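Each chain, written out:
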Amino acid sequence: MLATIYILFLAGAQSGIFNDVGKIRTFTVAVVGVGGVGSVTAEMLTRCGIGKLLLFDYDKVELANMNRLFFQPHQAGLSKVEAAEHTLRNINPDVSFETHNYNITTMENFTHFMDRISQGGLEEGKPVDLVLSCVDNFEARMAINTACNELGQIWMESGVSENAVSGHIQLIIPGETACFACAPPLVVAANIDEKTLKREGVCAASLPTTMGVVAGLLVQNVLKYLLKFGTVSYYLGYNAMQDFFPSMAMKANPQCNDRHCRRQQEEYKKKEVEQPKVEVVEEEEEVVHEDNEWGIELVSEVTDAELQAASGTVPDLPEGITVAYTIPAEVTSGDTVEETEQSLEDLMAQMRKL
Ligand SMILES: *[C@@H]1O[C@H](CO)[C@@H](O)[C@H](O)[C@H]1NC(C)=O
Ligand SMILES: *[C@@H]1O[C@H](CO)[C@@H](O)[C@H](O)[C@H]1NC(C)=O
Ligand SMILES: [Zn+2]
């Protein structure tokens, strides 16, 4: 069983991307919200061989949601966490599961939620390594934000817009990056409707494609963060209409309304002073491509011939445009904000221009 599970990882390990892939077994991740994004997220982590998963959701599987991935019609009526645990255990019995079928925003359950986040690690009494927010409403996001600020728990947020054509992921390190009380949650401007954070009772469109993309981006970031490879994204948006992936980072706000956020900021500042930043020496990436007549830069190890075979005729791209998973250079240069001292309005205006 394990041999099968690790095949993809080991292929990666041989190419020198990962240091210690087996380490994935030592981590615990809490997934809050086991719907369109959360269920796929949990399945990916299960197949990667995560050590322990905690699943939180109050909802039941509904036949009306079968346009989404993961759940099956025969599971209709079961609680999402129960149905998910059953499926995931079958996929990989080596993962430990802990499920909670409740609404984290009620006072009693919130206390229990905090307790499990801080005690429910692989070794009981230790905190989880990461909390993933895969919920679809503002109240639940704020509950996670409050809990994580108080505990100093690193977490990642994910969201899909109501019109189903954009989404985002965001890494929140209490005291260091902006929490949900520091700044309004960021969404990708889809040039249609920016209201990503669904309110109770609003009927939303849903696409398994967008949810799958966002779950994939989220778990990719989780693996990069836990296994320490590549660049971990602070904020990565996805706009399906233009295939635009804006990324940025935003510092915590000293005037944040959440006192635990302000306390974490003080602690972070103290830590920064005690441990002066180690100069990060960036290793020069080996160039895997040669210049070609189209000005196409390959980021993957795909040869020009393979690329042509895969995509038919290579489009006549303007100079400087790259293919294979990167944002076009034109977009990167002017319209993506790396470090924002900039206001959210400026950022949104920039995104809208596209
Ligand atoms: C969850 O609990 C909150 C707070 O009691 C309540 O406002 C909300 O309606 C509940 N959600 C559901 C779906 O029961
Ligand atoms: C969750 O809340 C419900 C009702 O508010 C309560 O009956 C239940 O015991 C709570 N569960 C936990 C584990 O706190
Ligand atoms: Zn804050």
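One numbering rule holds for all chains: residues counted from 1, following each sequence as written. Ligands are numbered from 1 and chains lettered from A, in the order in which they are written. Reporting in this predicted model follows two pLDDT cut-offs: at least 70 for local features of residues, and 80 or more for side-chain atom pairs to be given and counted; totals over whole chains, interfaces and linings ignore these cut-offs and use all residues. Side-chain metrics in this entry use all non-hydrogen atoms of the structure; hydrogen atoms and water are not considered.

S.K.: So what exactly am I meant to see when it comes to the overall build of the protein here?
M.R.: Under the scheme used here, helices are H or I runs from DSSP no shorter than 4 residues and strands are E runs no shorter than 2 residues, and both carry numbers assigned from the N terminus. From N to C terminus, the protein includes 11 helices and 8 strands. Contact definition: two residues touch when any of their heavy atoms are within 4.5 Å. Partitioning the intrachain contacts of the protein with sequence separation of at least 6 by distance along the chain shows that 65% fall at a separation of at least 24. Each accessible area is a Shrake-Rupley estimate made with a 1.4 Å probe; only the visible protein chains count as cover when residues are assessed. When the accessible surface of the protein is totalled, it reaches about 18500 Å², and 53% of it is carbon and sulfur.

S.K.: Sorry if this is basic, but what is going on with the coordination of the zinc ion (ligand 3) here?
M.R.: Geometry reference: four tetrahedral donors at a metal, ideal angle 109.5 degrees. Six octahedral donors, ideal angles 90 or 180 degrees. The donor set comprises N, O and S atoms within 2.8 Å of the metal, extended to 3.2 Å for Na, K and Ca; water molecules are omitted, so apparent gaps in a site may simply reflect that omission. Only Cys179 (SG), Cys182 (SG), Cys256 (SG) and Cys261 (SG) from the protein coordinate the zinc ion (ligand 3), and they sit 2.3 Å from it. Irregular is the label for any site that misses the other tests, which are tetrahedral for four donors with all angles between 85 and 135 degrees, and square planar for four donors or octahedral for six when opposite donors exceed 155 degrees and the remaining angles lie between 65 and 115. Given 4 donor atoms and angles of 102 to 116 degrees at the metal, the environment of the zinc ion (ligand 3) is assigned as tetrahedral. Taken in chain order, the donor set of the zinc ion (ligand 3) reads C-x2-C-x73-C-x4-C. Pair noted here: Cys179 is in the loop between β6 (166-172) and α7 (208-227) and Cys261 is in helix α8 (residues 259-274), with a separation of 82 residues, a long-range link. Cys261 carries the same exposure label as Cys179, and that label is buried. Categorising residues by exposure relies on relative accessible area from a 1.4 Å probe, with only protein chains included: less than 20% of the type maximum marks a residue as buried, more than 50% marks it as exposed, and the intermediate range marks it as partly exposed.

S.K.: I would appreciate a short explanation of the site of ligand 2 in the present structure.
M.R.: One heavy atom within 4 Å of a molecule or strand makes the whole residue count as near it. Close to ligand 2 lie Tyr102, Glu108, Asn109 and His112, which account for all nearby residues. The side chain of Asn109 places a nitrogen or oxygen atom 2.5 Å from an oxygen atom of ligand 2. For ligand 2, whose accessible area on its own is 360 Å², the fraction buried by protein is 47%. Here the residues of the shell around ligand 2 are counted per class, giving 1 nonpolar, 2 polar and 1 charged. Think of a polar contact as two N or O atoms within 3.5 Å of one another; within protein, one of them needs to be a possible hydrogen donor and the other a possible acceptor, and neighboring residues in sequence only count if both atoms come from side chains. Here the nonpolar group is Ala, Val, Leu, Ile, Met, Phe, Trp, Tyr, Cys and Pro; Asp, Glu, Lys and Arg are the charged ones; every other residue, Gly included, is treated as polar.

S.K.: Explain the pattern of salt bridges here, please?
M.R.: As a working rule, side chains carrying opposite charge can pair if their charged atoms are close by. By definition, a salt bridge exists where a carboxyl oxygen of Asp or Glu is found within 4 Å of a side-chain nitrogen of Lys or Arg. Tallied over the entire structure, the rule returns 11 salt bridges. Its salt-bridge partner being Glu43, residue Arg47 comes within 2.8 Å of it at the nearest N-O pair. Note that Arg47 and Glu43 are positioned in helix α3 (residues 38-48) at a spacing of 4 residues, about one turn of the helix. Taking the relative accessible area as the measure of exposure, Arg47 reaches 43% and is therefore partly exposed. The salt bridge partner of Glu266 is Lys269, with a shortest N-O separation of 3.5 Å.

S.K.: What is the right way to read the pairing of strand β5 (residues 155-160) from this model?
M.R.: Across a regular strand the side chains alternate sides, sitting on one face of the sheet and then on the other. Of all 6 residues in β5, 6 are buried; the element is thus mostly enclosed. The alternating pattern of β5 places Trp155, Glu157 and Gly159 and Met156, Ser158 and Val160 on opposite faces, both of which are buried. We treat two strands as partners when DSSP finds at least two bridges between them. Pairing analysis gives 3 bridges linking strand β4 (residues 130-133) to β5, with the strands arranged parallel. The residue of β5 that forms the bridge with Val131 is Trp155. For the crossover that starts at β4, traverses helix α6 (residues 138-151) and ends in the parallel β5, the hand is right-handed. Hairpin geometry of β5 and β6 is characterised by an intervening segment of 5 residues between the two adjacent antiparallel strands and by a positive phi of about 70 degrees at Ala164. By convention a crossover is right-handed if, when the strands point away from the viewer, the path from the first strand over the helix to the second runs clockwise.

S.K.: Help me understand α6, please; the structure alone is not making it clear to me.
M.R.: Each α-helix winds once per 3.6 residues, and so residues spaced three or four apart point in a common direction. A helix is expected to reach a length of 1.5 Å times the quantity of its residues less one. Its 14 residues place the ends of α6 20 Å apart at the C-alpha level, agreeing with the 20 Å of an ideal helix rising 1.5 Å per residue. Buried-residue contacts for α6 involve β1 (28-32), α5 (107-119), β4, β5 and α8. Backbone nitrogen of Glu139 and a side-chain oxygen of the N-cap are separated by 3.3 Å at the start of α6; the cap is Asn137. With its phi angle positive at about 70 degrees, Gly152 sits one or two positions after the end of α6.

S.K.: What's the story with the site of ligand 1 in this structure? I'm lost.
M.R.: Residues in contact with ligand 1, as listed here, are Tyr58, Asn103, Thr105 and Thr106. Note that an oxygen atom of ligand 1 is positioned 2.3 Å from one of the side-chain N or O atoms of Asn103. Coverage of ligand 1 by the protein chains reaches 44% of its 360 Å² of free accessible surface. Here the residues of the shell around ligand 1 sort into 1 nonpolar, 3 polar and no charged.

S.K.: Honestly, the environment of Thr99 in this entry has me stumped. Any pointers?
M.R.: Here Thr99 is to be found in strand β3 (residues 96-100). Among the residues examined, Thr99 registers a relative accessible area of 26% and is labelled partly exposed. Of note is the side chain of Thr99, whose polar atom sits 3.5 Å from the side chain of Glu85.

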